[in-house]
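# Working through the structure, step by step
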Amino acid sequence: GAGVSQSPSNKVTEKGKDVELRCDPISGHTALYWYRQSLGQGLEFLIYFQGNSAPDKSGLPSDRFSAERTGGSVSTLTIQRTQQEDSAVYLCASSLDPGGTGGNTIYFGEGSWLTVV
Amino acid sequence: EDQVTQSPEALRLQEGESSSLNCSYTVSGLRGLFWYRQDPGKGPEFLFTLYSAGEEKEKERLKATLTKKESFLHITAPKPEDSATYLCAVQARGSGNTGKLIFGQGTTLQVKP
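Described below are features of the structure shown in this document. Computed from a predicted model, the values in this text were never measured in an experiment.

Let us now look at the overall build of chain A. Scanning chain A from N- to C-terminus turns up zero helices and ten strands. Beginning at the N terminus, the succession of helices and strands in chain A can be written as β-β-β-β-β-β-β-β-β-β. The C-alpha radius of gyration of chain A comes to 14 Å, within 12% of the 13 Å expected for a compact globule of 117 residues. Each principal axis of the C-alpha distribution contributes one length, and for chain A these read about 45 × 25 × 25 Å. Of all 117 residues assigned to chain A, the portion counted as buried reaches 49%.

Dropping the structure here:
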């Protein structure tokens, strides 16, 4: 597709349930990022994938959060045993070459709005 | 620690009233400074990337500038459709940095007709 695609756009789940959020990056982009944006807050880095390198998981808030990227393209962010504080917008982004001196613009999707009740 | 601070948090302007948004940053080595626009319920929309002090970029009524410590987003003769939250982010250099963006809290701009 032309842009970063995320699904679902909205998800309401019960506390304690697991959720999966999907991201389809821009075709040809090798780098993929997940960010979280809580109501009225800035964007919080979660995890980064680049090619076949080990992902940078330094932003994941707890071991209930995990992510994978299959075939260097689509990524899934999984939140296990959801808590109310997990309610936020989960944004996925991709870029062509983060290691380059130029052309490393990071493009965002529209986000997945997660509400835990 | 790499950090980004934006000011003001909120800004109200009359249509046609020019102003500037500030983004101050501390980073071990700057690879790039990014400006995004975010409308309610939407993902951030890319505006500009600046790479070195003295660089300037323009797009319609917006102009971004960069020094070694801060960036400004100048808005000339704004229109109501410029109302949005403007986000600043930095990308740091170094082998320990994976290219992730560190964001400020944003400036919410409201332009009244």
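Following the structure, the description resumes.
Ranked by internal contacts, the top residues of the largest apolar core, which has 23 residues, are Leu33, Trp35, Leu73 and Tyr86 of chain B. Elements supplying a minimum of two residues to this core: strand E2 (10-14), strand E3 (19-26), strand E4 (30-38), strand E5 (45-50), strand E7 (62-66), strand E8 (70-75), strand E9 (84-92) and strand E11 (107-112) of chain B. With four residues, the single largest contributor to this core is E9 of chain B. One finds Cys23, Ile26, Leu77 and Cys92 of chain A within the second-largest nonpolar core, a separate group that totals 20 residues.

In this assembly, 20 residues from chain B lie in contact with 25 residues from chain A. Overall, the association of chain B and chain A removes approximately 1,700 Å² of surface from exposure, summing both partners, and the carbon and sulfur fraction of that is 51%. Between chain B and chain A we count zero salt bridges in total. Counting the contacts that link chain B with chain A gives four residue pairs in polar contact (both at pLDDT 80 or more).

Reading guide: rules and limits
Residues numbered from 1 in each chain as written. Chains lettered and ligands numbered in written order. Predicted model: local features only at pLDDT ≥ 70, side-chain atom pairs only at ≥ 80, totals over all residues. Heavy atoms only, no water. Helix = DSSP H or I, 4+ residues; strand = E, 2+ residues; numbered from the N terminus. Rg over C-alpha atoms; globule rule 2.2 N^0.38 Å. Buried < 20%, exposed > 50% of the residue type's maximum accessible area, 1.4 Å probe, protein only. Core = buried A, V, L, I, M, F, W, Y, C linked by side-chain atoms within 4.5 Å. Contact = heavy atoms within 4.5 Å. Buried area = accessible area lost by both parts, 1.4 Å probe. Salt bridge = Lys/Arg side-chain N within 4 Å of Asp/Glu carboxyl O. Polar contact = N/O pair within 3.5 Å; in protein donor to acceptor, adjacent residues only side chain to side chain.

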